Amino acid sequence: MTRLEAIRDAQALLDEPAIEQPKPLRLLAAAAFAATAAVMLAGTMVVGPGVSFDQGSTVSNP
């Protein structure tokens, strides 16, 4: 490899890569995935039937 080829290879490594524009469909899919994950993480409190809260023991101050 000559010095000129080495310099060209080094310059090619230093060049910034082309920035890809965001694709609207990918952004929409990511937002839908995040919303679905949030609902699924909420569990039965959001999507499940039969959720009930039992009356817990009361705390009294003596």
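See above for the structure.
Residues numbered from 1 in each chain as written. Predicted model: local features only at pLDDT ≥ 70, side-chain atom pairs only at ≥ 80, totals over all residues. Heavy atoms only, no water.

*Asks:* Please clarify how the overall build of the protein chain should be interpreted in this entry.
*Replies:* Of the regular secondary structure elements, the protein chain holds three helices and zero strands. In the protein chain, the succession of α and β elements from N to C terminus is α-α-α. Among the 62 residues that make up the protein chain, the fraction classed as buried is 0%. In the form shown here, the protein chain has an accessible surface area of approximately 6300 Å², with 64% of it arising from carbon and sulfur atoms. (Helix = DSSP H or I, 4+ residues; strand = E, 2+ residues; numbered from the N terminus. Buried < 20%, exposed > 50% of the residue type's maximum accessible area, 1.4 Å probe, protein only. Areas by Shrake-Rupley, 256 points an atom, 1.4 Å probe, with all protein chains shown as cover.)

*Asks:* I'm lost on the pattern of salt bridges in this one. Help?
*Replies:* Side chains bearing opposite charge may pair, as long as their charged atoms lie close to each other. Within the structure shown, the criterion is met by two salt bridges. Here Arg 26 ties to Glu 20 by a salt bridge, and the two come within 3.5 Å at their closest N and O atoms. Overall, the relative accessible area of 56% leaves Arg 26 in the exposed class. One salt-bridge network, held together by shared partners, links Glu 20, Lys 23 and Arg 26. (Salt bridge = Lys/Arg side-chain N within 4 Å of Asp/Glu carboxyl O.)

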